[in-house]
Every structure is written in structure tokens, then in C-alpha cells.
Amino acid sequence: MIKNRRGISLLLCLVLLFSWFCPEIGSEAATSSELEQSIKEKESAITEAQEQKKQLQSTMSDIQAMVDSLESSKNDLEAYVKQLDGNLAQIQSKINELKSMISEKEEEIKETQQQLEEAIEREEQQYAAMKVRIQYSYERGSSNYIEMLLASKSFGEFLNNANYMEQMNEYDQRQLEEYQKNRELVETCKKALEEEQEVLEQAKAEVEKEEAGLETLISQKEQQITVFQGDISNKEAAIKEYEADIAAQNSTIAALEAAAAAERKQLEELNKPKVTYDGGMFQFPLTSYKRISDEYGYRIHPTLGVKKFHNGVDFAAASGTPIMAAYDGTVVGAAYNSSMGNYVMLNHGDGLYTIYMHASSLNVSQGQTVTKGQQIASVGSTGRSTGPHLHFSVRLNGEYVNPWNYLK
């Protein structure tokens with residue numbers, strides 16, 4: 001009787017121990033499968049990161065080749081500016097791609113770091129549980145299983161106990177396999193983290209190189225425009241070209257205004273709502289800027305050395321700085337012009353327009369409706385520009401007006 005009680009007590013201990021370590025057999029298999037899948041995903045991420053590193057090394061812009069190719073067009077300033085702006089757009093696009101990659105890679109690193117921490121925590125818990133299980137098996141020994149079988153009151157209970165012991169052995173084996181897979185996942189996560197970090201650092205270094213290349217080309221452009229406009233022998237020709245350039249610029253803008261006016265008239269005839277200005281103050285067109293590099297009004301032109309009218313306000317800012325719509329409106333122009341570079345022109349209604357020049361890239365297209373504060377472009381140095389800045393103009397009823405009358 002005492003022997004049977006002892007056997008039943010041992011059986012209960014084993015049942016409790018098994019239920020502690022093995023709450024559900026089916027879930028163990030699922031966990032093992034999930035670990036296997038996680039390992040495969042991380043191995044795939046490692047391969048992808050290694051490919052990204054190779055691609056980064058092979059897609060750098062060849063600045064020197066760009067500079068050399070510009071030599072043949074230096075005598076024709078307009079052709080030179082157009083070719084150089086194409087190169088600037090190419091580099092800016094590359095910078096944007098790299099920055100997008102950097103953002104994605106930072107998110108991937110956060111995710112991998114979290115997975116690594118979870119895997120390490122799971123590993124520690126598994127290791128602690130296995131130690132307890134091993135210690136118990138060592139202390140109880142094989143006699144524990146014999147006593148459990150001898151405690152059986154019937155042949156059916158004997159078979160059940162034998163089956164239970166077999167399940168315990170299988171469970172121990174699964175626990176060991178799962179522990180090994182989890183260890184493999186930890187090591188794979190660590191390797192993936194290293195590879196992703198290398199890609200991140202390499203992409204950041206590439207951005208710095210591309211931005212340096214961008215500055216090199218802008219510097220080349222500044223020197224060439226300054227030389228062309230500052231050459232005493234070409235002074236008169238330079239002034240005439242500048243005036244012709246401004247006239248062409250104004251012609252483009254006037255044509256866009258005329259098209260907008262025709263559209264407004266058509267809407268009136270059809271009794272459809274038209275764009276109207278409600279008199280509100282404009283939002284500042286840049287998220288940040290270094291300084292006002294040129295004010296609105298008459299001034300001595302920096303390279304021509306003659307008094308000329310400056311039809312807007314120039315805000316010096318870093319390339320890529322977001323340009324925002326100063327007010328609600330409709331895009332009547334979003335294109336490239338050899339003088340204005342990449343530009344956006346917005347119709348705010350009642351003859352009021354804003355113009356944003358020299359952008360590195362455009363975010364909107366003609367006919368699109370925009371809201372105050374929406375990004376419409378990015379700062380650049382395209383067109384007749386000698387450095388990254390935004391030329392911001394306001395026109396009312398076909399004439400340029402002081403932008404400060406509308407800005408906060």
C-alpha cells in the first residue's frame with residue numbers, strides 16, 4: 001500500500017512537471033516551425049543586404065566624367081546650364097533614393113534588433129527550464145520510471161504510463177531541437193544586424209559623397225555663370241542676354257496666366273465654381289532656410305554690376321529642403337525652363353499667383369489642386385542659379401508684387 005502511494009505520488013510529480021514544461025505538444029511544433037521560418041527570413045535578409053552593398057559600390061555618380069562632358073558646352077551658356085541641370089537632377093535623384101534606403105534600413109535594423117532581443121530572452125528561458133528538467137532526471141534516475149510503471153493498478157494504466165514516458169522523452173528531444181534552432185536564430189539575427197548596419201553606414205557615406213558631388217557641380221556652374229556675366233568684353237552681350245532671358249521667363253509666366261484666365265472664363269460661362277482668393281496670409285514657403293540671399297526690388301546685379309529689378313525674394317537653403325505651397329491653389333505650371341530651372345506656378349484665384357523657382361525636383365503636376373503647406377517641390381540650383389535657393393515670386397493681375405505683403 002505504501003509502495004503504491006509512493007508510485008502514485010511520483011506519477012503526480014511527473015504529471016505536474018510535464019504540464020509545467022510542456023503545456024501543449026502541438027504548440028511546440030508550431031514554435032519550432034516559426035523559428036525555422038524566422039531563420040530563413042533572416043538568411044534572406046543577409047543575402048539582400050550583401051547585394052545592396054554591391055549595388056551601392058557600383059552606382060556612384062562619376063562627377064569627374066560629368067565635369068569633363070560639360071567642357072564642350074561652356075561657350076553656350078544656355079546649353080551648359082541645361083546639361084548641368086540634367087546632371088544635378090540625376091545626382092539629386094540618387095541622393096533621394098539613398099535617403100529612402102537609409103530610412104528603410106533603419107526600420108529593418110530596429111525590427112532585427114527586437115527579434116534578436118526576443119530570441120535571446122527565449123533562449124535564456126529555455127536554458128533555465130532545460131537545466132531544471134535535466135537536474136530532475138539526473139536526481140530521479142531510471143528508477144523513477146520503473147516505480148511509475150510498477151505503481152500501475154492495471155494493464156491499461158501500465159500502457160498509459162509507458163506512453164506517457166515516451167511522450168516525455170519525445171518532448172525532451174523537441175525541447176533540445178527548439179533550443180538549438182533558437183540558438184541558430186540568435187546567431188543569424190546577429191549576422192543580419194551586422195550586414196544591415198554595414199549597408200546603413202555605406203549608404204550614409206554614399207549620400208555624403210553624392211552631396212559633395214552636387215556641391216562640386218553647383219560650384220562649377222557658379223564659376224561659369226560668374227565668368228560669363230563678369231567678363232568686361234562680354235558685358236554688353238551678357239546684359240542683353242540677361243534681359244532676353246527675363247523677357248522669355250515673363251513670357252512663359254504670362255502665357256500660363258492667360259491660360260488660367262481662359263479657363264476661369266470658361267468656368268464662369270458654364271456656371272461652375274472657380275478658384276478664388278479669400279484674403280488669408282500665406283504660409284512661409286520653406287520649412288527652414290539659412291538666410292535671405294536677395295530681396296525683392298531694384299538692386300545692383302551681383303555679376304552684371306548694373307541696376308536691375310529682382311522680382312522675388314531669394315531664400316538660401318540646403319538642396320532637398322521641402323518647398324511648400326504658400327496657400328491653397330491650382331498648379332498652372334510645373335516644368336523646366338533654362339532660366340527658372342524646375343519651377344512651380346500656383347493660381348490662388350482673383351489674379352493672384354505664386355512662383356517657386358530653381359527646384360531640384362517637383363512633387364506636383366499641372367492641373368493638380370494643392371493645399372496650404374503641402375510639399376510641391378524641393379530646393380535646388382537649377383536654371384540661372386549659382387547656389388541652392390528658392391526664388392519666391394508673387395504676381396497680382398499680371399504684375400510682380402512684394403511677397404512680404406502676403407507672407408506672415
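Participant: If you had to explain the overall build of the chain to someone new, which residues and values would you point to?
Facilitator: Of regular secondary structure, the chain possesses six helices and 12 strands. Classification of the 408 residues of the chain by burial places 43% in the buried group. Sequence-distant contacts, at least 24 apart, represent 74% of the contacts inside the chain between residues at least 6 apart. Here the chain has roughly 21400 Å² of accessible surface; of this, 51% comes from carbon and sulfur atoms.

Participant: Tell me about the packing of aromatic side chains, and name the residues and values.
Facilitator: Under the counting rule described, the total for this entry stands at 13 aromatic pairs. On the basis of an interplanar angle of 40° and a centroid distance of 5.7 Å, the ring pair of F282 and Y327 is categorised as tilted. Taken together, the residues F282 in the loop between α6 (235-269) and β1 (291-294) and Y327 in the loop between β5 (322-324) and β6 (329-337) connect sequence positions 45 residues apart. On the basis of relative accessible area, F282 is assigned to the buried category, the value being 0%.

Participant: Can you lay out unusual backbone geometry for me, pointing to particular residues and giving the numbers?
Facilitator: Unlike most non-glycine residues, D350 shows phi in positive territory, near 55°. Along the chain, D350 falls in the loop between β7 (341-349) and β8 (352-362). Phi is positive for N397, which is not a glycine, with a value near 50°. Its location among the elements puts N397 in the loop between β11 (389-396) and β12 (399-401). Overall, N397 belongs to the exposed group, its relative accessible area being 59%.

Participant: So what's going on with the pairing of β11? Which residues, and what values?
Facilitator: It is a general feature of regular strands that their side chains alternate between the two faces of the sheet. Most of β11 is tucked away, with seven of its eight residues classed as buried. Both strand β4 (residues 313-316) and β11 contribute to a ladder of four bridges, which runs antiparallel. Bridging from a neighbouring strand, V313 pairs with F392 of β11. Here six bridges tie β8 to β11, and the two strands are oriented antiparallel to one another. Each residue of the ladder has a partner; that of L352, found in β11, is L396. Of the pairings in the sheet, the one linking β11 to β12 comprises three bridges and is antiparallel in character. Bridging across to β12, R395 finds its partner in Y400.

Participant: Describe the pattern of salt bridges, naming the residues involved and giving the relevant values.
Facilitator: Per the stated rule, a full pass over the model turns up five salt bridges. Of the charged contacts, one joins E108 and K105 as a salt bridge, the two residues approaching to 2.7 Å between their closest N and O atoms. On the criterion of helical spacing, the pair formed by E108 and K105 is a turn pair, its members being three residues apart in helix α4 (residues 77-150). In this structure, the salt-bridge partner of K204 is E106, at a minimum N-O distance of 4.0 Å. Of the two residues, K204 is situated in helix α5 (residues 155-230) and E106 in helix α4; the sequence distance between them amounts to 98 residues. You can call K204 partly exposed: its relative accessible area is 33%.

Participant: Help me get a handle on the nonpolar core, residues and values and all.
Facilitator: Among the nonpolar cores identified, the biggest contains 27 residues, and F282, I323, V344, L346, Y356, I376 and F392 are the most heavily contacted of them. Secondary-structure elements contributing two or more residues to this core are β4, β7, β8, β10 (375-379) and β11. Those residues in contact with L346 that sit more than four places away from it in its chain are A325, Y327, T330, V331, V332, L352, Y353, T354, Y356, V370 and I376.

Participant: Can you tell me about the pairing of strand β3 (residues 307-310), naming the residues and giving the values?
Facilitator: Where burial is concerned, the two faces of β3 differ: the one with K308 and H310 is buried and the one with K307 and F309 is not. Of the pairings in the sheet, the one linking strand β2 (residues 297-300) to β3 comprises four bridges and is antiparallel in character. Paired with I300 across the bridge in β3 is K307.

Participant: Kindly report on the side chain of T382, identifying the contributing residues and their values.
Facilitator: Inspection of the secondary structure assignment puts T382 in the loop between β10 and β11. Of the polar contacts made by the side chain of T382, one reaches the backbone nitrogen of N342; its length is 3.0 Å. If we ignore the near neighbours within four places in the chain, the residues touching T382 are D85, K221, Y336, M340, G341, N342, H358 and A359.

Participant: Lay out the environment of E201 with the relevant residues and their values.
Facilitator: Relative to the helices and strands, E201 resides in helix α5. Taking the C-alpha atoms as reference, E201 lies 9.9 Å from K105; in sequence the two are 96 residues apart.

Participant: Give me the lowdown on the side chain of S378, citing residues and values where you can.
Facilitator: Following the sequence through the fold, S378 ends up in strand β10. Looking at S378, the relative accessible area reads 9%, which means it is buried. Separated by 3.3 Å, the side chains of S378 and Q375 make a polar contact. Setting aside anything within four residues of it in sequence, one finds S378 in contact with G320, T321, I323, A359, S360, S361 and N363.

Participant: Now, about the confidence of the model for the chain: what can you tell me, with residues and values included?
Facilitator: Taken as a whole, the chain shows an average pLDDT of 77; of its residues, 72% reach a score of 70 or greater. A low-confidence stretch, residues 1-30 (pLDDT under 50), is modelled with 38 contacts involving residues beyond four sequence positions or located in other chains.

What counts, and where the lines are drawn
- Residues numbered from 1 in each chain as written.
- Predicted model: local features only at pLDDT ≥ 70, side-chain atom pairs only at ≥ 80, totals over all residues.
- Heavy atoms only, no water.
- Helix = DSSP H or I, 4+ residues; strand = E, 2+ residues; numbered from the N terminus.
- Buried < 20%, exposed > 50% of the residue type's maximum accessible area, 1.4 Å probe, protein only.
- Contact = heavy atoms within 4.5 Å.
- Areas by Shrake-Rupley, 256 points an atom, 1.4 Å probe, with all protein chains shown as cover.
- Phe/Tyr/Trp six-rings, centres within 6.5 Å; stacked < 30°, edge-to-face > 60°.
- Pairing = 2+ DSSP bridges.
- Salt bridge = Lys/Arg side-chain N within 4 Å of Asp/Glu carboxyl O.
- Core = buried A, V, L, I, M, F, W, Y, C linked by side-chain atoms within 4.5 Å.
- Polar contact = N/O pair within 3.5 Å; in protein donor to acceptor, adjacent residues only side chain to side chain.
- pLDDT = per-residue confidence, 0-100.

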